[in-house]
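The lines below spell out each chain.
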Amino acid sequence: MALPMVWGLLATMSFNAVDTLFVSHLGDGNWDTVSEPGLGDKALAAMGYTFPVVMVITSISIGLGAGASSAIARAMGGGNTTRVRRLATDALTLATLIAFAVSVIGLFTIDWLFTSVLGASTELLPLIHDYMAIWYVSAPFLMVPMISLSALRALGFAKIQGGLMITGALINGVLDPFLIFGWAGLPRLELEGAAYATLASRVVTLIIAIYVLQGRMQVLTNPFVRWKEIASSWATLFHVGIPSMISNLIIPVSSGIVVNLVSKHGDLAVAGFSVAVRVEPIALIVFYALSGVVGPLCGQNKGAGLYHRVQETLSVVMRFCLSFGLLLGGLLWVVGPHIAGFFSDSEEVVGVVVGYLSIVPISYGAYGMVMSIIAMFNGMGHPLPGLGISFLRVMGVYLPFAIVFSWLWGLTGLFVATMLSNLMVGLIAYLWMRRVVSRQQAGTLSVCEEG
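To start, this report covers the structure provided alongside it. (Residues numbered from 1 in each chain as written. Predicted model: local features only at pLDDT ≥ 70, side-chain atom pairs only at ≥ 80, totals over all residues. Heavy atoms only, no water.)

**Thoughts on the side chain of E280**
Relative to the helices and strands, E280 is located in helix α10 (residues 267-283). Although E280 lies buried, it forms no salt bridge, and the closest oppositely charged side chain, R393, sits 6.9 Å away as judged by the N-O distance. In terms of polar contacts, E280 uses its side chain to reach the side chain of Y364, at 2.8 Å. In this structure, E280 is in contact with Y356, V360 and Y364, ignoring residues within four places of it in sequence. (Helix = DSSP H or I, 4+ residues; strand = E, 2+ residues; numbered from the N terminus. Buried < 20%, exposed > 50% of the residue type's maximum accessible area, 1.4 Å probe, protein only. Lys, Arg positive; Asp, Glu negative; His and termini not counted. Salt bridge = Lys/Arg side-chain N within 4 Å of Asp/Glu carboxyl O. Polar contact = N/O pair within 3.5 Å; in protein donor to acceptor, adjacent residues only side chain to side chain. Contact = heavy atoms within 4.5 Å.)

**Section: the nonpolar core**
Membership of the largest hydrophobic core comes to 139 residues, with the highest contact counts inside it found for F114 and M132. For this core, the element with the most residues is helix α2 (residues 39-77), which contributes 18 residues. Setting aside chain neighbours within four positions, we find M132 in contact with T50, V53, V54, I110 and F114. (Core = buried A, V, L, I, M, F, W, Y, C linked by side-chain atoms within 4.5 Å.)

**Some points on the packing of aromatic side chains**
Summed over all chains, the structure comprises 12 aromatic pairs. Arranged with centres 6.3 Å apart and planes meeting at 90 degrees, the rings of F342 and F343 form a pair that is edge-to-face. Take F342: its relative accessible area is 48%, and that puts it in the partly exposed class. Centre to centre, the rings of Y356 and F415 are 5.1 Å apart; their planes meet at 75 degrees, and the pair counts as edge-to-face. Separated by 59 residues along the polypeptide, Y356 in helix α13 (residues 347-359) and F415 in helix α16 (residues 411-450) bring together distant segments of the chain. Like Y356, the residue F415 is buried in the burial classification. (Phe/Tyr/Trp six-rings, centres within 6.5 Å; stacked < 30°, edge-to-face > 60°.)

**Regarding helix α8 (residues 191-216)**
For α8, built from 26 residues, the straight-helix expectation of 38 Å at 1.5 Å per residue is met to within 8% by its first-to-last C-alpha distance of 37 Å. Directly beyond the C-terminal end of α8, a positive phi value near 55 degrees is found at Q218. (Expected span 1.5 Å × (residues − 1).)

**A word on the side chain of H25**
With respect to the helices, strands and loops of the structure, H25 is situated in the loop between α1 (2-24) and α2. Here H25 falls in the buried class, since its relative accessible area comes to 11%. Among residues more than four places away in sequence, those in contact with H25 are W31, D32, F181 and F342.

**Topic: a nonpolar patch on the surface**
A grouping of I403, V404, W407, L408 and W409 is seen on the molecular surface, where their side chains present a nonpolar patch of about 600 Å² in accessible area. Within the secondary structure layout, V404 lies in helix α15 (residues 383-409). (Patch = residues over 30% accessible without salt bridge, like charges linked within 9 Å, V, L, I, M, F, W, Y side chains within 5 Å. Areas by Shrake-Rupley, 256 points an atom, 1.4 Å probe, with all protein chains shown as cover.)

**What to know about unusual backbone geometry**
In this model, A184 sits at a positive phi of 55 degrees, which is unusual for a non-glycine residue. Relative to the helices and strands, A184 is located in the loop between α7 (158-181) and α8. On the accessibility criterion, A184 (70% relative accessible area) is exposed. A positive phi angle, close to 55 degrees, is found at E190, a residue other than glycine. Here E190 lies in the loop between α7 and α8.

Printed below as a string of structure tokens:
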């Protein structure tokens, strides 16, 4: 199930990396000779400030998707197809309402949020406006397809989800240079063009996703029913969705604080950090894919009472994450300088990227375990442990380490804080999940013996 997700997520995660790549070459004299020299580094810095905000909205979508995936998977495991249709339909309705609210609030708070909260300079504010004004408009076309894909994943159709994600990424990648640099006579939109390319790809993905869910699979039903039925569905979705949203929101909120800390070292440091945090999701793609499928897998097996399969899944996840994480960390340590040089010629930008990719990837295996174990808890309908793990990792360990270590060792201290928090919380998450599954398995066995 994870393999199609790897390709789909690889394509999706390339959105930010491809946008970053093209934007970084604005005014560099090679790819682009029209813009002012150095515009690429300024645009990278602007995108660095947008990253926490983009992640907040994405995290809301992921959280609601986790709630939908968990509820639909458990209903499917119990054989209740009517409930599956009701949950899928009401999840899309809820996503639409939340997305429009986020868009309106976001559009009216751009200046305050980026200058007063995130510490962006007034020089970068016009570039931030160019990007985020369009990005906020595209938010509904991000959230609704993500919920649709979560429903498909919960039903076991990972290949369809992977294909849709690849389609969206290809559209974004093809449109980027034409809209950013004004190729083929199209308007030259620079940073704003990256946002328009993303909007176009999301609209197409939404149309295809709704067609697959309803036109081919008949998963959706009438959204206009009694409020009591809708409220029941939303309560089920929120049981996992709200803790999952909070769990996912903790990360971008902390990222906003970290961006503020990085900004003390100048806009070029933020530019380097922007490159690193956009390359990182691509490196973690296998872990994201794994966490995307273990949740529905554990949810369906819990619905069927097969706890021994949940125990086996935990064991496989632990062994895979640690071994693959070591391989990944070694690879990034070797290729980090080449990746950094591909995005910028600035020594300061390259130094930040290389420093990040030399230290943080040591802990990627442990971070992969954290992602999968949180997904397993959510899939089984136990969202609070996942929320506790996320809160502990970010607020309890990472931010205190980041503040202290950055004061002692600057940017290097921030990277060391990330590495240590991943390692510590990875061990805690594994022990927590093993204990919960062992207890539930023992409880199931005792009931069988008494019967």
